[in-house]
Amino acid sequence: MPTSSCPDTAYDSLIPSVVAALPAAQQPRWPDPGRLARVHAELARAEPLVTYDSVLALRRLLSRAADGELCVLQAGDCAEDPAECDPAALARKAEMLDVLSDIVRTGAGRPVVRVGRIAGQYAKPRSQPEEEHDGVRLPVFRGALVNAPAPDPAARRPDPARILRCHRAARQALASLDRLGRGEGAPAEARVWTSHEALLLDYELPQVRRHRSGRSYLASTHWPWVGERTRQPDGAHVRLLAHLDNPVACKIGPTTTVEQVLALCAALDPERSPGRLSLVARFGASRIHGLAPLVRAVRRAGHPVLWLCDPMHGNGERTGHGLKTRRLTAVMTEIGRFVDIVSAEGGRSTGLHLEASPDDIVECSGAGFTPAPGPAYRTLCDPRLNLVQAVAATACWRLPAALGAAA
């Protein structure tokens, strides 16, 4: 593949060639391999979306969080709409992060690192490859990087051209943050860092860059994570993140065993470096007790991970209308139990990871809102908290009493 035009970095062909040979879950079946190859080549030539220096700057902040100096608030859309990349849309999302971060800062007495699920959260893992609409079997919507949400066969056909469209949208979103004074060059207290699940390898692998220092990083985002469905320690997704200098994260849930979490830590944090690895717990309020042995094992193994609570993905249910929803009470319960468990087991409870929107939506139930079919329910995949609900949820996160008193 050609090299990037950025003078400080070049496309790193070695890591993608190694990772591409490994088993990879949740990947679509593209109908035109030749077209996909041309997309790969164009992405490999593109200038990086984020710089190596900015990736290291975030990693230094997360190292301070691992030492208890900072907290983390990570929030945004379940499945990002690439049309929402203009300054007005990014301003609303940044303002939501500000509101929620102020709640965390007030309760914890510590500065907060603001992280958005933005400028790249365009791919979604799914539990089934197909779904039924009006008696017709269709491929599931896998995010704007792959296909479209409209329930018809043409829209659901994977299209490699979408990869380039989403890449352009991500670049525009980052430019919008810059124009708002929230991107590259902004002071630490105002900066909005980007994060997304590094799921679609045909998007991520061509964006691996080698810096002039000889180190490699993923130029698609500051903070990539691996999801619950792709966290196999010997799989392509984990091995990709293992080769990078980005700070990385991994979702874990009720099916995660002690052996698995230790294997993930060994792969993603072999040097036991503070700020390198975050583990994001997504258990559900009724099963969060299963987190305790994992925190205990990680602490005993000496990995200084940041523990974040994702209280969304373990609390899904259906309304009477058949809509996906989440109950705010369950979300709030899981947050409180998470803090207690991590503290009791000697881990570093660092913050929250929420699916939330600043828009006037009603997709989750609670705080006076009840989801129903209509214009207020418009998620592209999973239900998000609206701002009122997100404020209520964030207010449940706290530092353990001993740490809060020391702040």
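Preceding this paragraph is the structure being described.
These figures come from a predicted structure and were not determined experimentally.

What counts, and at which threshold
- Residues numbered from 1 in each chain as written.
- Predicted model: local features only at pLDDT ≥ 70, side-chain atom pairs only at ≥ 80, totals over all residues.
- Heavy atoms only, no water.
- Buried < 20%, exposed > 50% of the residue type's maximum accessible area, 1.4 Å probe, protein only.
- Helix = DSSP H or I, 4+ residues; strand = E, 2+ residues; numbered from the N terminus.
- Pairing = 2+ DSSP bridges.
- Lys, Arg positive; Asp, Glu negative; His and termini not counted.
- Salt bridge = Lys/Arg side-chain N within 4 Å of Asp/Glu carboxyl O.
- Polar contact = N/O pair within 3.5 Å; in protein donor to acceptor, adjacent residues only side chain to side chain.
- Phe/Tyr/Trp six-rings, centres within 6.5 Å; stacked < 30°, edge-to-face > 60°.
- Lys NZ or Arg CZ within 6 Å of the ring centre and 35° of its normal.
- Axes fitted to C-alpha atoms, helices over the stretch in contact; angles between N-to-C directions.
- Contact = heavy atoms within 4.5 Å.
- Core = buried A, V, L, I, M, F, W, Y, C linked by side-chain atoms within 4.5 Å.
- Expected span 1.5 Å × (residues − 1).
- 1 Å grid on protein atoms, 1.4 Å probe; cavity = no way out; pocket = protein on both sides within 12 Å on 5 of 7 lines; lining within 4 Å.
- Points joined across faces, edges and corners; volume = space filled by probe spheres on them.
- Nonpolar A, V, L, I, M, F, W, Y, C, P; charged D, E, K, R; others polar.
- Parallel < 35°, antiparallel > 145°, perpendicular 65-115°, else oblique.

Student: Describe in detail the pairing of strand β15 (residues 349-355), supporting the description with residues and values.
Tutor: Within a regular strand, side chains alternate between the sheet's two faces. Counting buried positions along β15 gives seven out of seven residues, so the element sits mostly inside the fold. As judged from the three bridges shared by strand β12 (residues 306-309) and β15, these two strands associate in the parallel manner. In the strand pairing of β15, Leu308 is matched with Gly351.

Student: Any details on the side chain of Glu204? Residues and values, ideally.
Tutor: Assignment of secondary structure puts Glu204 in helix α6 (residues 201-204). No salt bridge forms around the buried Glu204; measuring N to O, its nearest opposite-charge neighbour Arg209 is 9.9 Å away. A polar contact of 2.8 Å, which involves the side chain of Glu204, links it to the side chain of His196.

Student: Could you give an account of unusual backbone geometry, with specific residues and numbers?
Tutor: Positive phi is not limited to glycine here, since Ala119 has a value of about 60°. Here Ala119 is to be found in the loop between β3 (112-117) and β4 (130-133). Residues other than glycine seldom take positive phi values, yet Ala367 does so here, at roughly 60°. You can see Ala367 is positioned in the loop between β15 and α11 (387-394). Its relative accessible area of 45% is what places Ala367 among the partly exposed residues.

Student: I'd like a rundown of the packing of aromatic side chains, residues and numbers included.
Tutor: In total, this model carries one aromatic pair according to the counting rule given. Taking NZ or CZ as reference, Arg191 lies 4.1 Å from the ring centre of Trp193, over its face.

Student: Please give an account of the sheet that holds strand β8 (residues 216-218) that cites residues and values.
Tutor: Across the sheet, three strands lie side by side as β1-β7-β8; this open sheet has antiparallel pairing. The sheet is open, and its two edges are formed by β1 (9-11) and β8, each paired on a single side. When strand polarity is set aside, the average angle formed by the axes of neighbouring strands in this sheet is 40°. Where β1 meets strand β7 (residues 208-211), three bridges bridge the pair, whose relative direction is antiparallel.

Student: I'd like a rundown of the environment of Leu180, residues and numbers included.
Tutor: Structurally, the position occupied by Leu180 is in the loop between α5 (161-179) and β6 (192-197). A relative accessible area of 34% means that Leu180 is categorised as partly exposed. Measuring from C-alpha to C-alpha, the distance between Leu180 and Val280 comes to 29 Å, with 100 residues separating the pair along the chain.

Student: Let's hear about the sheet that holds β15: which residues, and what values?
Tutor: The eight strands lie next to each other as β2-β3-β6-β9-β10-β11-β12-β15, forming a closed barrel whose pairing is parallel. Strand-to-strand twist across the sheet, computed as the mean angle between neighbouring axes with direction ignored, equals 25°. Against the sheet, helix α8 (residues 258-268) makes contact with β10 (248-252) and β11 (277-281), and its axis sits at roughly 170° relative to β10, the strand it touches most. Across the face of the sheet, helix α10 (residues 328-344) comes into contact with β11, β12 and β15 while running at roughly 160° to β12.

Student: Tell me about the nonpolar core, residues and numbers included.
Tutor: Core analysis: the biggest nonpolar cluster contains 93 residues, and Leu279, Leu291, Trp307 and Trp397 have the highest contact counts within it. With eight residues, the top contributor of residues to this core is α5. Look past the residues within four positions of Trp397 in its chain and what remains in contact with it is Cys71, Val104, Ala108, Ile335, Phe338, Val339, Ser349, Thr350, Gly351 and Leu352. Core analysis: the next-biggest nonpolar cluster, separate from the first, contains 16 residues, Val115, Trp193, Trp225 and Leu308 among them.

Student: Tell me about helix α2 (residues 33-45), and name the residues and values.
Tutor: Helix length check: α2 (13 residues) gives 19 Å between terminal C-alpha atoms against 18 Å at 1.5 Å per residue, within 8%. Burial in α2 covers these residues: Leu36, Val39, His40, Ala41, Leu43 and Ala44. Buried residues in α2 make contact with β1, α5, α6 and β7.

Student: Any chance you could break down helix α9 (residues 292-300) for me, citing the residues and the numbers?
Tutor: What α9 keeps buried is the set Ala292, Leu294, Val295, Ala297 and Val298. Tucked into the core, α9 has its buried residues touching β10, α8, β11, β12 and α10.

Student: So what about empty space enclosed by the protein? Which residues, and what values?
Tutor: Here the structure, examined in full by the defined rule, presents two cavities of 30 Å³ or more. Of the pockets and cavities examined, the largest cavity occupies roughly 40 Å³. Every residue lining the largest cavity is listed: Ala75, Gly76, Asp77, Lys93, Met96, Leu97, Ile118 and Ala356. The set of elements that each furnish at least two residues to the lining of the largest cavity consists of β2 (71-76) and α4 (87-108). The element that contributes the greatest number of residues to the lining of the largest cavity is α4, accounting for three residues. When grouped by side-chain class, the residues that make up the lining of the largest cavity number five nonpolar, one polar and two charged. Size it by volume and the second largest cavity reaches roughly 30 Å³.

Student: Would you mind going over the side chain of His353 in detail, with residue names and values included?
Tutor: Relative to the helices and strands, His353 is located in strand β15. Within polar-contact distance, the side chain of His353 engages the side chain of Arg117 at 2.8 Å. Non-local contacts of His353, meaning those with residues more than four positions away in its chain, are made with Gln74, Arg117, Trp225, Lys251, Val280, Cys309, Asp310, Pro311 and Met312.

Student: Residue-level account of the packing of α2 against α5, with values.
Tutor: At a minimum axis distance of 9 Å, the contact between α2 and α5 shows a crossing angle of 25°. With respect to each other, α2 and α5 are oriented roughly parallel. Contacts from Arg35, Leu36, Val39, Glu42 and Leu43 of α2 reach α5 at Ala161, Ile163, Leu164 and His167. When grouped by side-chain class, the residues that make up the contact of α2 with α5 number six nonpolar, one polar and two charged.

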